[in-house]
Amino acid sequence: MPYIPSATYRLQVSPSFTLEQVRQLIPYLDELGISTVYSAPFFCSRPGSEHGYDVTAPYAINPEIGTQQELKQIAEELKRRGMGWLQDIVPNHMSYHPDNVWLMDVLEKGPQSHFYTFFDIDFNHPDFAGQVMVPFLGDPLEEVLEQKQLKLTVKDDGLYLAYYDSAYPLSVASYRPLILQAQQVSGQPEATEATQQLLKELAPLESEDSLSPAAWTNFKKKLVTSEALRQALENVAEGINSDTAQLQELLGRQHYIFCHWKETEKRINFRRFFTVDELICLSMEHPEVFEQYHQFIKQMCEQGLLQGLRVDHVDGLFDPVTYMKRLRKLAGPDTYIVVEKILEGEEELPERWPIEGNSGYDFLAWVSNLYTSGSGRRKLTGIYSRLVPNADTNYEQLVFEKKMFILDNQMQGELQNLLRLLQERHLIPLEPAEEWGKALGVLLCAWPVYCIYGNRLPLTKADMEVVQTAFDEAHKQAPELREQLQHLHTLFSVQAGDSEQTTHDKLYFVMRSQQFTGPLSAKGVEDTTFYNYNRLISLNEVGNSPDIFHLNDDAFHELMVHRQQVYPHSINATATHDTKRGEGARIRLNVLSELPEEWEKKVQEWLDISREHTTKITVNDLYFLFQTLVGVLPLDGQADESIVERVQEYLQKALREAKVKTDWAAPNEPYEQAMQDLVRQLLLEDEQFMPSLRPFLQKVSHYGWIYALCQALLKVTCPGVPDVYQGTELWDLSLVDPDNRRPVDYALRNQYLQELKQQPDGEQLHQQLLQNPDDGKVKLYLLYKALNKRRELQHVFASGDYLPLQVQGMHKHHILAFARQHKGQWALVIVPLHLASLVGENELPVGQHVWEDTTVVLPEGAPAEWHHVLGSNAISTDGTLQVAAAFHSFPVALLTASTL
């Protein structure tokens, strides 16, 4: 029977949060209503990794995190409780690190390595003579050699070239000349005899097509076992390290070449994750790579240790469709599989993939847009234009320009590789190369989605619509390249007269190009535009777009009906390790769309106050700062040293990502320091700023936490599988990583949960929770009650129909209501919308007086008697349900009923 979680709980396992700590947490998660532990990658990774996406060995659990035996103990405990485990896997890339045994084997043995084709390396790149780049030098190679920072070293397991703490294995071809040199300098009979024997053993190893790892390891051990020979080798190494010419000659015999890290901005001969040199991509399209990489994963699935898999960055793969089919076959029909997929605009996940859905960025965006007021779009755009001189309010044009910036400054090597592919396969003329390069670059930057998934020509109609949209935009951006763009357009379809080889080459280009449109979008949009376009930064979110802004209730209902029909078990996320800010901060900032006039007035005040401290910071960055402060400060509006430090660290990252006044490659420290100083001055020292901020913050955060409850209830009850990101069962006012990976106080959360369980449910508890919202206990209460009810009625929420409900009354547009129904069992959900614009200056209503004429029309055949999940009372209906009765003591409602 297929495994379908009732609810998942994302845990960032790491050296600071181990499997043993996970095991101790299971009783709490079970009580909370969680069915499935959802784990970050736990495979061997770069030492000290806090995220696990830099895998060094996919065939073992990171010993810094735990052991396979501990995982088995967890699996037994989960099984006893009827729970499961969803594991994040990373098939697109691995860490470019000396601990990566497979990669080091390639660097050492070259074509003799079993893993030679495992990594996406172009050994035929014309600039590198068959050597893969090792782009981790802090200075150009010539300077590094002059400074004697690169050294030949003798270690217990062989010979290496060391650069500070990193050591890379010497090629097999380097050993013979070095052993001969050692023989010459030794003069000891013992060393000479050992040398001659080793040279005899080396000869067949040098000529093998595929060098056995065991045989080569055994040879290297023998090499350093002889004390006399080892000493001789160390003497040789000392001589080479003191002679730049000899060291350069040795470097020339390697299967790799050391480079300054900035070189990859202009040329590169391996595919990397986005623009991260430290993550080298795999050729997962090769069956042998797939089989070996997933061997341990398959074993864990077969042993019942894993019930689900989440596939990271599926868009990076050469052929995602074939990969998903292989993964389904490997994991079996009952394994729950979701993919990380960022959907742009109205893009939908391909319906025929053999998976349960995606990791939930789409749901996150839908709820956020539902709680952004449509009437605020024009007003906030006007405010942004008035307050921020030269603000670029044409979002789509800004996106294109920032993509071009990334392409020109950080991904020029990738562009040139694609251009050369076209030339080598005779798909474009060699000249004029500059114009062809520009046309290809414009096309990549005009691509409207992360990628398309066609693995055969002709492409599907849906894919061709994406292609047409891209070329339309490209022609608009570069009309002077009309001829080149028209020709490139023909590469996406089969033309009359195309040979079989031409069609094959076209398809290869199409699929290869899609491995770079995604990274270009991620770097150009999420990691650049999102820190420049600051109209309302809560919409600058992974999976969302400021250009969409608002989603009305009818559109939301349509999306939910479609979700239930197509991917009913896709994850419903509201916070992830990748989100730009916490779910509570995001939904709170959305309130600004309902209060634009008050917001403008406050920003004017804060700009004046800020100018008393500094005139160095741009108004756009100040506008970003003010929104950040409104989002991150606690409900009581109190700022302390920890808040200051968090905001300072965040803003340094945000400013560098914006790449306007400072960036990662060339930090503008005086500008960054000016911002750091201003944060401290505004929050802790200035006598005007906080008194001006607090009343406005109190109002915004008041609506914000109510919306956060709505968001949580929708996540649990809408089609899909709700996911709770670690710690967000209380208010989540975090910022982008690493802020959202701070340690979670589970002792406090468990204490709150036990207190809630001991108190009688009902109006008195509701009053207590609502009058004291600062600690977030009210959110924990809602999740505890809703998640456990969902688990109890799993069939209703996993398989039940989604029924949009009509609302009547003066404030009908401020209510969203729907029912879930399956085989006579019902659930009814009612949440308020846009309360700030409804009640103006008054406090937030949660009772009957605002909703006195507002009713929800129940579907034909619905039960007459309903029971509150958030409380203990019942409601009788006569075809309609009074919203005032539903919200009698709590601002959102979840009711259940049965006709059985």
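If you're wondering where the values come from, they're calculated on a predicted model, not measured in any experiment.

Enquirer: How do you make sense of the overall build of the protein chain when you look at a structure like this?
Expert: Looking only at helices and strands, the protein chain features 33 helices and 27 strands. Against the globule reference of 29 Å for 900 residues, the protein chain gives a C-alpha radius of gyration of 30 Å, in line with a compact fold. Its C-alpha atoms put the protein chain at 100 × 70 × 60 Å along the principal axes. Burial statistics for the protein chain: of 900 residues in total, 62% are counted as buried. Taking as baseline every contact in the protein chain between residues at least 6 positions apart, the subset at least 24 positions apart corresponds to 76%. Accessible surface, the protein chain as shown: approximately 34,000 Å² in total, 48% of it carbon and sulfur. One finds the centroid of the 79 positive side-chain charges in the protein chain at a distance of 2 Å from the centroid of its 122 negative side-chain charges.

Enquirer: Explanation requested: the environment of F270 in the structure shown.
Expert: Examined against the element boundaries, F270 turns out to sit in the loop between β11 (256-260) and β12 (272-273). Between the C-alpha atoms of F270 and D120, which are 150 residues apart in sequence, the distance is 5.7 Å. The residues touching F270, leaving out its near neighbours within four places in the chain, are Y96, D120, I121, V132, M133, P135, D277 and I280.

Enquirer: Hey, could you run me through unusual backbone geometry in this one?
Expert: Glycine aside, residues mostly have negative phi angles, and peptide bonds mostly take the trans form. The step from E431 to P432 runs through a cis peptide bond, and the omega angle for that step is -5°. One can find P432 in the loop between α16 (412-424) and α17 (433-446). The omega torsion across L457 and P458 is 0°, close enough to zero to call that bond cis. The phi angle at Y164 is positive, at roughly 55°, despite the residue not being glycine. Along the chain, the position of Y164 falls in the loop between β9 (158-163) and β10 (166-169). Looking at Y164, the relative accessible area reads 58%, which means it is exposed. Backbone geometry places N390, a non-glycine residue, at a positive phi of 60°. Structurally, the position occupied by N390 is in the loop between α14 (376-387) and α15 (395-409). Judged by relative accessible area, N390 falls into the exposed class, the value being 81%.

Enquirer: For this particular structure, what's the right way to read the pairing of strand β7 (residues 132-137)?
Expert: Of all the six residues making up β7, five are buried; the element is thus mostly covered by neighbouring parts of the structure. Sheet topology places β7 next to β11; four bridges connect them, and they run parallel. Pairing of V132 across the sheet is with Y256, part of β11.

Enquirer: What is the right way to read the nonpolar core from this model?
Expert: Most often, soluble globular proteins keep nonpolar side chains buried together rather than apart. In terms of nonpolar packing, the biggest core is built from 257 residues, with F42, W599 and L625 touching the most fellow members. The biggest single contributor to this core is helix α27 (residues 689-717), with 17 residues. The contacts of F42, once residues within four sequence positions are left out, are V13, L19, A60, I61, N62, I65, L71, W85, Q87, M300 and L306. Among the nonpolar cores identified, the runner-up in size contains 43 residues, and M411, L415, F471 and L507 belong to it.

Enquirer: Just to check I follow, could you spell out the pairing of strand β14 (residues 308-311) for this structure?
Expert: Neither face of β14 is left uncovered, since the one carrying G308 and R310 and the one carrying L309 and V311 both have all their residues buried. Of the pairings in the sheet, the one linking strand β5 (residues 84-89) to β14 comprises four bridges and is parallel in character. From the neighbouring strand, Q87 faces β14, where its bridge partner is L309. Pairing analysis gives four bridges linking β14 to strand β15 (residues 336-339), with the strands arranged parallel. In the strand pairing of β15, G308 is matched with Y336. Crossover β14 to β15 through helix α12 (residues 320-331) is right-handed.

Enquirer: Help me understand the pattern of salt bridges in this model?
Expert: Here the idea is simple: oppositely charged side chains can pair when their charged atoms come close. Under the definition given, this model contains 54 salt bridges. Between K438 and E434 there is a salt bridge whose closest N-O contact spans 3.6 Å. Highlighted residues: K438 and E434, both in helix α17, separated by four residues, approximately one helical turn. As a salt-bridge pair, R680 and E641 come within 2.5 Å of each other at their nearest N and O atoms. Placement of the pair is R680 in helix α26 (residues 669-685) and E641 in helix α25 (residues 641-658), with a sequence separation of 39 residues. Assessed through its relative accessible area of 35%, E641 is described here as partly exposed.

Enquirer: I would appreciate a short explanation of the environment of F516 in the present structure.
Expert: For F516, the position within the fold is in helix α20 (residues 500-526). As a C-alpha pair, F516 and M300 span 216 residues in sequence and 32 Å in three-dimensional space. Sequence-distant contacts of F516, defined by excluding residues within four places in its chain, comprise R271, M411, E414 and L418.

Enquirer: Please clarify how the packing of helix α8 (residues 227-241) against helix α9 (residues 244-251) should be interpreted in this entry.
Expert: Axes are the key here: two packed helices are described by the angle between their axes and the distance separating the axes. In contact at an axis separation of 6 Å, α8 and α9 are set at 110° when each is read in the N-to-C sense. On the basis of the axis angle, α8 is roughly perpendicular to α9. Judged by residue contacts, G239, I240 and N241 of α8 engage Q246, L247 and L250 from α9. Across the contact of α8 with α9, the residue classes break down as three nonpolar, three polar and no charged.

Enquirer: So what exactly am I meant to see when it comes to the sheet that holds β9 here?
Expert: Hydrogen bonds along the backbone pair up the strands of a sheet, which may run parallel or antiparallel. Taking strand neighbours across the sheet as the criterion, the three strands line up as β8-β9-β10 in an open arrangement whose pairing is antiparallel. This sheet does not close on itself; its edge strands, each paired only once, are β8 (150-155) and β10. Looking at each pair of strands side by side, their axes are set apart by 35° on average, direction ignored. Taken together, the four bridges between β9 and β10 define a ladder with antiparallel strand orientation. Each residue of the ladder has a partner; that of A162, found in β10, is A167.

Enquirer: Help me understand helix α23 (residues 596-611), please; the structure alone is not making it clear to me.
Expert: Along an α-helix, residues three or four apart share an orientation, since each turn contains 3.6 residues. Here α23 spans 22 Å end to end across 16 residues, near enough to the 22 Å set by a 1.5 Å rise per residue. Residues P596, W599, E600, K602, V603, W606, L607, I609 and S610 constitute the buried set of α23. Residues of α23 that are buried in the fold lie against α14, α24 (619-632), α26 and α27.

Enquirer: Please clarify how the sheet that holds strand β1 (residues 8-11) should be interpreted in this entry.
Expert: Ordered in space as β16-β15-β14-β5-β2-β1-β18-β17, the eight strands form an open sheet in which the pairing is parallel. Looking at which strands have only one partner, the edges of the open sheet turn out to be β16 (357-358) and β17 (571-572).

Conventions and cut-offs
- Residues numbered from 1 in each chain as written.
- Predicted model: local features only at pLDDT ≥ 70, side-chain atom pairs only at ≥ 80, totals over all residues.
- Heavy atoms only, no water.
- Helix = DSSP H or I, 4+ residues; strand = E, 2+ residues; numbered from the N terminus.
- Rg over C-alpha atoms; globule rule 2.2 N^0.38 Å.
- Buried < 20%, exposed > 50% of the residue type's maximum accessible area, 1.4 Å probe, protein only.
- Contact = heavy atoms within 4.5 Å.
- Areas by Shrake-Rupley, 256 points an atom, 1.4 Å probe, with all protein chains shown as cover.
- Lys, Arg positive; Asp, Glu negative; His and termini not counted.
- Charge placed at Lys NZ, Arg CZ, Asp CG, Glu CD.
- Pairing = 2+ DSSP bridges.
- Core = buried A, V, L, I, M, F, W, Y, C linked by side-chain atoms within 4.5 Å.
- Right-handed = clockwise from strand over helix to strand, strands pointing away.
- Salt bridge = Lys/Arg side-chain N within 4 Å of Asp/Glu carboxyl O.
- Axes fitted to C-alpha atoms, helices over the stretch in contact; angles between N-to-C directions.
- Parallel < 35°, antiparallel > 145°, perpendicular 65-115°, else oblique.
- Nonpolar A, V, L, I, M, F, W, Y, C, P; charged D, E, K, R; others polar.
- Expected span 1.5 Å × (residues − 1).

These results come straight from atomic positions and should not be treated as a statement about function.
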